Amino acid sequence: ASRMTSLPIASEAEWHAVRAKHVGASEAAALFGVSPWETVWQLHQRKRGKLAQVDMSENVAVQAGRHMEPALAGWAAERWGMKLRKVRRYMEADDCPGLGASLDYEEYDGTPVEVKWSLWGQGWEWDGETITDFPLNYGIQVQAQMACSGASEAWLIAFCGGDLRRVRIEAKPDLIESLKHLTREFWKDVAAEREPPVDFTQDAEAITSLYQVAEDRIVDL
């Protein structure tokens, strides 16, 4: 397993500054074109400081997750006898400094634990307490966490379909190598100000905000 670099974070401002210099685990799916939140073009513009961070604080699902996930972690610890602790450090892949991750929780042996609150259960499948399928972007997020922590496996725990369920995910070295390659290429493009191709079906709104097109104009893309 690869070693990791831990970056101590002293303040909220430092946290944002560190995250701005990394493709984070929750952003990694954009590099593969499978993020439901943003395209690689939008991620590129955001890391260059040209596109504002999307403010999800008013999103009801985000608010619910923020409050529910600590409770779910406590429930998981009780139900399965897991020894979990909250993580307050930022991790960087030592052989790919532009790739970073912050974990919500880990087991005492350092195994990453990702907790998701999914009221509607979309994209999830399960058999009893075991998750058998999960949204692809969350799978990539967990692989990115393992890439940065050097862990060989991780837990994905989710409240889906009205109950708490979990799956142990093994690190996929091929996927992790692809992720590191895409991350290095991404930062080379950012440094050279080479924009990735635009996906007009998904990037139209971001382009409109970037170029501050007046609200009453029709943009023909």
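Just so it is clear, the structure is predicted and the values come from calculations on it, not from any experiment.

**Overview of the overall build of the chain**
- What the chain contains, in helices and strands, is six helices and eleven strands.
- Dimensions of the chain along its principal axes, counting C-alpha atoms only, are 55 × 40 × 35 Å.
- A sequence separation of at least 24 residues applies to 66% of the contacts in the chain between residues at least 6 apart.
- When the accessible area of the chain is evaluated, it comes to approximately 12,400 Å², of which 52% is carbon and sulfur surface.

**What to know about the pairing of strand 4 (residues 90-93)**
- Along strand 4, one buried face is formed by Tyr90 and Glu92 and the opposite face, lined by Met91 and Ala93, is buried too.
- Between strand 4 and strand 5 (residues 96-101), which pair antiparallel in sequence order, lie two residues.

**Comments concerning unusual backbone geometry**
- We note that Glu193 has phi near 55°; this positive angle belongs to a residue other than glycine.
- In this structure, Glu193 sits in the loop between helix 5 (173-192) and helix 6 (200-210).
- Of the residues examined, Glu193 reaches a relative accessible area of 54% and is grouped as exposed.

**Focus on the pairing of strand 5**
- Strand 5 sits mainly inside the fold: five of its six residues count as buried.
- Note: strand 4 against strand 5, three bridges, orientation antiparallel. Residue Met91 lies in a different strand from strand 5, and its bridge partner there is Ala101.

**Section: the pattern of salt bridges**
- Overall, the coordinates contain 14 salt bridges when judged by the stated rule.
- Between Arg194 and Asp189 there is a salt bridge, with the nearest N and O atoms lying 2.8 Å from each other.
- When its relative accessible area of 46% is taken as the criterion, Arg194 is described as partly exposed.

The rules we used
- Residues numbered from 1 in each chain as written.
- Predicted model: local features only at pLDDT ≥ 70, side-chain atom pairs only at ≥ 80, totals over all residues.
- Heavy atoms only, no water.
- Helix = DSSP H or I, 4+ residues; strand = E, 2+ residues; numbered from the N terminus.
- Contact = heavy atoms within 4.5 Å.
- Areas by Shrake-Rupley, 256 points an atom, 1.4 Å probe, with all protein chains shown as cover.
- Buried < 20%, exposed > 50% of the residue type's maximum accessible area, 1.4 Å probe, protein only.
- Pairing = 2+ DSSP bridges.
- Salt bridge = Lys/Arg side-chain N within 4 Å of Asp/Glu carboxyl O.

The values reported here are purely geometric and, on their own, carry no functional implication.
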